[in-house]
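Chain by chain, the residues:
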Amino acid sequence: MKKMKKIILLLILPLISYSQDLNSALNLHNTLRGYYDLKPLAINEELNIMAEERADVIAEEDKMIHSENDYGENIFNTTEIKLSRDYFLEASIGWIVEFDNKLSMRQMLCSECKDIGFGVSMNDDKVFVVALYDKMYDDENIIRSGTENNNK
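Read on for an overview of the structure. (Residues numbered from 1 in each chain as written. Predicted model: local features only at pLDDT ≥ 70, side-chain atom pairs only at ≥ 80, totals over all residues. Heavy atoms only, no water.)

### Focus on unusual backbone geometry
Most of the time, phi is negative for any residue but glycine, and the peptide bond is trans.
Next, step 1: Of note in this structure, D37 is not a glycine but carries a positive phi near 60 degrees.
Next, step 2: Inspection of the secondary structure puts D37 in the loop between α2 (22–35) and β1 (42–43).
Next, step 3: The backbone of D62 shows a phi angle near 55 degrees, a positive value even though the residue is not glycine.
Next, step 4: Here D62 lies in the loop between α3 (45–61) and β2 (72–78). (Helix = DSSP H or I, 4+ residues; strand = E, 2+ residues; numbered from the N terminus.)

Written out as structure tokens, the structure is:
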């Protein structure tokens, strides 16, 4: 039965991957960036391919570990698998509202970033979304809120 489930998921994955609208996630990113007077991001096809490959690796290993490269990276997963979900938008919202740390949102607000790519993959019971940015944020190229500046 588990093999059958995996076969069905593999057949459904292309529908999820290509039916998702990257524009909803891109628009959310750019709305947030606009609030901080940052330039909008653009979808980059090369980053899309790399993000898709990265999502495949994460799904296969079933571990949300960031890669060690020069790209910024946000990772999201969910166990709720449905065809009609917009996983890219759901992931982007999750990166904004994560409570334990704000590293994902800091990446979204990287002032030096110009391009973004998204990828999605799944394993037996989870969907993984990866966003790759052309640059990795650091403390010099993120926007700080007034309270963060006052604490320095």
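### Let's talk about the packing of α2 against helix α4 (residues 87–97)
Each pair of packed helices gets described by two things: the angle between the helix axes and the distance between those axes.
Next, step 1: Closest axis-to-axis distance for the α2/α4 pair is 7 Å, and the angle between their directions is 25 degrees. On the basis of the axis angle, α2 is roughly parallel to α4. On α4, the residues touching L22, S24, A25, L28, H29 and L32 of α2 are F88, L89, S92, I93, W95 and I96.
Next, step 2: Of the residues belonging to the contact of α2 with α4, the class tally is nine nonpolar, three polar and no charged. (Axes fitted to C-alpha atoms, helices over the stretch in contact; angles between N-to-C directions. Parallel < 35°, antiparallel > 145°, perpendicular 65-115°, else oblique. Contact = heavy atoms within 4.5 Å. Nonpolar A, V, L, I, M, F, W, Y, C, P; charged D, E, K, R; others polar.)

### What to know about the nonpolar core
Inside soluble globular proteins, nonpolar side chains tend to come together where they are buried.
Next, step 1: W95, I116, F118, V129 and Y133 are the most contacted members of the largest nonpolar core, which totals 25 residues.
Next, step 2: Listed by contribution, the elements that provide at least two residues to this core are α2, α4, α5 (103–108), β3 (115–122) and β4 (127–133).
Next, step 3: With five residues, the single largest contributor to this core is α4.
Next, step 4: Filtering out sequence-adjacent residues up to four positions away, W95 remains in contact with H29, N74, I75, F76, S104, M105, M108, F118, V129, A131 and Y133.
Next, step 5: A55, A59, I75 and F128 belong to the second-largest nonpolar core, a separate cluster that totals nine residues. (Core = buried A, V, L, I, M, F, W, Y, C linked by side-chain atoms within 4.5 Å. Buried < 20%, exposed > 50% of the residue type's maximum accessible area, 1.4 Å probe, protein only.)

### A look at the environment of G72
Next, step 1: Structurally, the position occupied by G72 is in strand β2.
Next, step 2: For G72, a relative accessible area of 0% gives the class buried.
Next, step 3: Once the C-alpha coordinates of G72 and C113 are considered, the two residues, 41 residues apart in sequence, prove to be 8.8 Å apart.
Next, step 4: When sequence neighbours within four positions are dropped, the list of residues in contact with G72 reads Q107, A131, L132, Y133, K135 and M136.

### A closer look at the sheet that holds β3
Within a sheet, neighbouring strands are paired by backbone hydrogen bonds and run either parallel or antiparallel to one another.
Next, step 1: The four strands lie next to each other as β1-β3-β4-β2, forming an open sheet whose pairing is mixed. Each of the sheet's edge strands pairs with one partner strand only, and the pair in question is β1 and β2.
Next, step 2: Inspection of the sheet shows β2 paired to β4 by seven bridges, in the antiparallel sense. Counterpart to I75 in the pairing with β4 is V130.
Next, step 3: Lying on the sheet, α2 is in contact with β1, β3 and β4; it crosses β3 at an angle near 135 degrees. (Pairing = 2+ DSSP bridges.)

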